[in-house]
Amino acid sequence: MVKLKKIVSKNIESKTSKVSGNSLFVGLAELMNMRKYATYLQQGKRKKTYSNQVGDVKSAFKGRGIEMDEIREYQFGDDVRDIDWRVTARKEKPYTKLYSEERDREIFVWLDLSAIMLFGSNQELKSVTASKIAALIGWIALNNKDRFGCVIFDGKKSWVFKPKNDRAYLGAVFNKISEISQAVLSDNQNIEQERIKSLKLLQSNVKNQASVFVISSFAYLSDEYDNILATLAKKTGLFMINVFDKLEEKAPVSGQYMVEYNGEKLLMDTSSKIYKKKYSEYFADKLKKKELFCKKMACKMINFSSEMSFVGDLKIL
């Protein structure tokens, strides 16, 4: 994990006194307040955006839908639009599809609060942004009468919340997210094998056809990691929400910065134009690899930075 002390330290000194949360951790009140964004989005007041950076996701939340229940012979009064033409041609008489109301839609979130999410250059840490996105998804699920479940990963341990449609239960999930987001500041780890175990835990708890949101920065991708995500993509509607910081996308203004990487202090000089170009190309290359992976696995990718708007830029509806 890289820490740019020159930039981040101001945020730490100026924002640590807020009881309800701050740029370093997320407070319960902030997560509960995400409900207003869910209501706004579901009222259809969201302005349209067309950006490759955001991602084009039509909907994981389509409200109370319908699913096909059975096929039977056409009867007088049936809607001709529901005729199954393939079965009709095979049987040589009209057959129609019958639908039933879709129930028990399951929405599951895997939330990464490990050490790789403890980075932020301006507005807030990536872990805070990720927590707010998880809360927004929870509120939308509750409003839709869908069941919301969550796996929280702190870098070494996982907490599993089985899917339920209950406001008090949602509050309990948010409370745990707030607690963990604070705890990881003093005890942050990133044990890769535990990450794999956590994703397998998600895989074993999620049902087929559920909508699954994996919220992380996806800094570490291994064959085993990819295989689990590929399996999830086959059995569920998988959405990978890539949370990033603007400083990861573009080098800071020209100057020298003291950075820390794997416990070693280094001096970074951003004055060179060549350095800045390679810096941006590195981020773009990583992003392209993630998007190609999603295309191959038929899952959706949403790229979201801490400076984007939850109303205008987070296209999950």
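## Some thoughts on the sheet that holds strand E6 (residues 158-164)
Then, number 1: Overall, mixed pairing links the six strands, which are arranged E6-E5-E4-E7-E8-E11 in an open sheet. Of all the strands in the sheet, just E6 and strand E11 (300-305) have a single pairing partner and so form its edges. On average, each strand axis in the sheet is tilted by 15° relative to the strand beside it, whichever way the strands run.
Then, number 2: Relative to strand E8 (residues 237-244), strand E7 (residues 211-216) is paired through six bridges, and the arrangement is parallel. Considered in E8, the bridge of Val214 is made with Met240.

## Overview of the confidence of the model for the protein
Then, number 1: Looking at the protein as a whole, its pLDDT mean stands at 82, while 80% of the residues score no less than 70.
Then, number 2: Segment residues 1-19 is flagged for pLDDT under 50; beyond a separation of four residues in sequence, or across chains, it makes 41 contacts in the model.
Then, number 3: Here residues 45-58 scores under 50 on pLDDT; set against residues more than four positions off or in separate chains, the count is 33 contacts.

## Observations regarding the packing of aromatic side chains
Aromatic ring pairs are described here by two measures, namely the spacing of the ring centres and the angle between the planes.
Then, number 1: A complete count under the given rule lists eight aromatic pairs for this structure.
Then, number 2: Between Trp110 and Phe153, the ring centres sit 5.8 Å apart and the planes meet at 20°, which makes this aromatic pair stacked. Placement of the pair is Trp110 in strand E4 (residues 106-112) and Phe153 in strand E5 (residues 147-153), with a sequence separation of 43 residues.
Then, number 3: Among the residues examined, Phe153 registers a relative accessible area of 0% and is labelled buried.
Then, number 4: A connected cluster of aromatic rings, assembled from ring pairs, spans Tyr37, Phe304 and Phe310.

## Thoughts on empty space enclosed by the protein
Then, number 1: Across all of its chains, the model carries one cavity of 30 Å³ or more by this definition.
Then, number 2: The computed volume of the largest cavity comes to approximately 40 Å³.
Then, number 3: Considering the residues around the largest cavity, the lining is formed by Gly138, Ala141, Leu142, Asp146, Phe148, Lys164, Asn165, Asp166, Tyr169 and Leu170.
Then, number 4: Counting residues per element, the ones that place at least two in the lining of the largest cavity are helix H5 (126-143) and helix H6 (167-183).
Then, number 5: Per-element accounting of the lining of the largest cavity gives the leading share, three residues, to H5.
Then, number 6: Of the residues assigned to the lining of the largest cavity, the class counts are five nonpolar, two polar and three charged.

## Some words on the pattern of salt bridges
Then, number 1: All told, the structure shown has 14 salt bridges when counted by the stated rule.
Then, number 2: Here the residues in one salt-bridge network are Glu30, Glu124 and Lys132, joined through shared partners.

## Things to note about the packing of H5 against H6
Then, number 1: Running from amino to carboxyl end, H5 crosses H6 at an angle of 175°, the nearest separation of the two axes being 11 Å. Relative to H6, H5 is oriented roughly antiparallel. The segment H5 lies against H6, with Ser131, Ala135, Gly138, Trp139 and Leu142 engaging Arg167, Leu170, Phe174 and Ile177.
Then, number 2: Looking at the contact of H5 with H6 residue by residue, the class counts come to six nonpolar, two polar and one charged.

## Here's the deal with the environment of Leu199
Then, number 1: Inspection of the secondary structure assignment puts Leu199 in helix H7 (residues 192-205).
Then, number 2: Considering only alpha carbons, one finds Leu199 and Leu229, 30 residues apart in sequence, at a separation of 8.1 Å.
Then, number 3: Ignoring any residue separated from it by four or fewer positions in sequence, one finds Leu199 in contact with Trp110, Tyr225 and Ile228.

## Some points on unusual backbone geometry
Then, number 1: The phi dihedral of Glu92 falls on the positive side, at around 65°, and the residue is not glycine.
Then, number 2: Position of Glu92 among the secondary structure elements: in the loop between helix H4 (85-91) and strand E3 (95-101).
Then, number 3: A positive phi angle is found at Gln209, which is not glycine, with a value near 70°.
Then, number 4: Within the secondary structure, Gln209 is located in the loop between H7 and E7.

Parameters and conventions
- Residues numbered from 1 in each chain as written.
- Predicted model: local features only at pLDDT ≥ 70, side-chain atom pairs only at ≥ 80, totals over all residues.
- Heavy atoms only, no water.
- Pairing = 2+ DSSP bridges.
- Helix = DSSP H or I, 4+ residues; strand = E, 2+ residues; numbered from the N terminus.
- Axes fitted to C-alpha atoms, helices over the stretch in contact; angles between N-to-C directions.
- pLDDT = per-residue confidence, 0-100.
- Contact = heavy atoms within 4.5 Å.
- Phe/Tyr/Trp six-rings, centres within 6.5 Å; stacked < 30°, edge-to-face > 60°.
- Buried < 20%, exposed > 50% of the residue type's maximum accessible area, 1.4 Å probe, protein only.
- 1 Å grid on protein atoms, 1.4 Å probe; cavity = no way out; pocket = protein on both sides within 12 Å on 5 of 7 lines; lining within 4 Å.
- Points joined across faces, edges and corners; volume = space filled by probe spheres on them.
- Nonpolar A, V, L, I, M, F, W, Y, C, P; charged D, E, K, R; others polar.
- Salt bridge = Lys/Arg side-chain N within 4 Å of Asp/Glu carboxyl O.
- Parallel < 35°, antiparallel > 145°, perpendicular 65-115°, else oblique.

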